[in-house]
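An overview of the molecular structure
Take a look at the letters that make up each chain.
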Amino acid sequence: MTFIDVLGWKGIWLRRTGPEVVRHLKHLVGTAEKMVRGADETTVLSISDTIVLLTIGEPKTGLQLHGDVTTQLICDSISYGLPLRGATACGQFFVESPSILVGPAVDEAASWHEATDWIGVIQTPSAFLAYDGIGPWREDHAPVKGGGVRPFKIPCVDWPRVWRKQGRTRQELQRYFSAMGPFDTSVATKYTNTLLFYGDDP
């Protein structure tokens, strides 16, 4: 399962109108639903600013699909001015309704995605222990809140590869980021960490 939500949701109304935010979120959810259409045992849920991807089955199948979906969602979300961060976990979960989810995979995905300090999606321990090296992921040191990084590399969705494949550049990315300001000390590192992950264009 994957939890992915909008970075800087609190106070978003200061930068975007309510209808605009809702429209963009609906587009992101619609993109996710379109990408999983035809995939067995995969569901997309939307809870406020959070998009949840649920797949029942082999971890390698879910990791490939969730990586593909979140990679595209991150690229689109930056264009909308609603950047996303998230985490993908493997394990048991129980869904009572679209707004009630419980289980070890839920707890793990929620805790890890809230700890990251950037725009991106990572695999939690349960996911990278099941990871077979296939899919749109690359291993890197994911930054965490408080100014640190994980002491070991973990798989992160390689959205910069897709961004460049779409003919887009670091300069364009920086223009989008500039429009997301102002950047106080609590949010500035999220963007600088993201640019470090993105790297330089070839």
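These figures come from a predicted structure and were not determined experimentally.

Bringing the overall build of the protein into the picture now. Each helix and strand in the protein was counted, giving 7 helices and 11 strands. Relative to a compact globule of 202 residues, whose C-alpha radius of gyration would be 17 Å, the protein shows 16 Å and is just as compact. Each of the three principal axes of the protein carries a C-alpha extent, and together these read 40 × 40 × 35 Å. Evaluated residue by residue, the protein yields a buried proportion of 49% over its 202 residues. The contacts of the protein with a sequence gap of at least 6 include a subset with a gap of at least 24, amounting to 67%. Here the protein displays about 9,800 Å² of accessible surface, and carbon together with sulfur accounts for 55% of that area. Side chains of the protein carry 20 positive and 22 negative charges; the gap between the two charge centres is 7 Å.

By secondary structure assignment, the location of leucine 28 is in helix 1 (residues 18-36). It is 9.9 Å that separates the C-alpha atoms of leucine 28 and leucine 82, two residues lying 54 residues apart in sequence. Excluding anything up to four places from it in sequence, leucine 28 contacts Ile51, Leu73, Asp76, Ser77, Tyr80 and Leu84.

Taking 1.5 Å per residue, 12 residues should reach 16 Å; helix 3 (residues 104-115) reaches 17 Å between its end C-alpha atoms and fits that length. Taken together, the buried positions of helix 3 are occupied by Ala105, Val106, Ala109, Ala110, Trp112 and His113. Summarising the contacts, the buried residues of helix 3 are in contact with strand 1 (2-6), strand 4 (84-88), strand 6 (100-102), strand 7 (120-123), helix 4 (125-128) and strand 11 (154-157).

Relative placement of two packed helices is described by the angle separating their axes and the distance separating the axes. Their axes nearest at 12 Å, the elements helix 6 (residues 170-178) and helix 7 (residues 188-198) cross at an angle of 170°. Taken together, the axes of helix 6 and helix 7 lie roughly antiparallel to each other. Where helix 6 abuts helix 7, its residues Arg170, Leu173, Gln174 and Phe177 lie against Tyr191, Thr194, Leu195 and Tyr198. Taken together, the residues of the contact of helix 6 with helix 7 break down into 5 nonpolar, 2 polar and 1 charged.

Rules and cut-offs
The residue count restarts for each chain, going from 1 along the sequence in the order it is written. Thresholds applied to this predicted model are a pLDDT of at least 70 for local features of residues and 80 or more for the giving and counting of side-chain atom pairs; totals over whole chains, interfaces and linings are not thresholded and use all residues. By convention in this description, side-chain values take in all heavy atoms of the structure and omit both hydrogens and water. In DSSP terms, a helix is any run of H or I states spanning at least four residues, a strand is any run of E spanning at least two, and both are numbered starting from the N terminus. We take the radius of gyration over the C-alpha atoms and set the globule estimate at 2.2 Å times the residue count to the 0.38 power. Relative accessibility thresholds used throughout: buried, under 20% of the residue-type maximum; exposed, over 50%; partly exposed, between the two (1.4 Å probe, protein chains only). Any pair of residues with heavy atoms lying within 4.5 Å of one another is described as a contacting pair. Shrake-Rupley sampling with a 1.4 Å probe provides the accessible areas, and residues are treated as covered by the protein chains on show and by no other component. By the counting rule applied here, Lys and Arg register as positive and Asp and Glu as negative, while His and the ends of each chain are not counted. The location of each charge is read from NZ of Lys, CZ of Arg, CG of Asp or CD of Glu. Take the number of residues in a helix, subtract one, and multiply by 1.5 Å to get its expected span. Here an axis means a line fitted to C-alpha atoms, over the contact stretch when the element is a helix, while the angle between two N-to-C directions is reported on a 0 to 180 degree scale. Between 65 and 115 degrees an angle is taken as roughly perpendicular, under 35 as roughly parallel, over 145 as roughly antiparallel, and anywhere else as oblique. As a working rule, the residues Ala, Val, Leu, Ile, Met, Phe, Trp, Tyr, Cys and Pro are called nonpolar, Asp, Glu, Lys and Arg charged, and the rest polar, with Gly in that last group.

Spatial relationships are all this shows, so hold off on functional conclusions.
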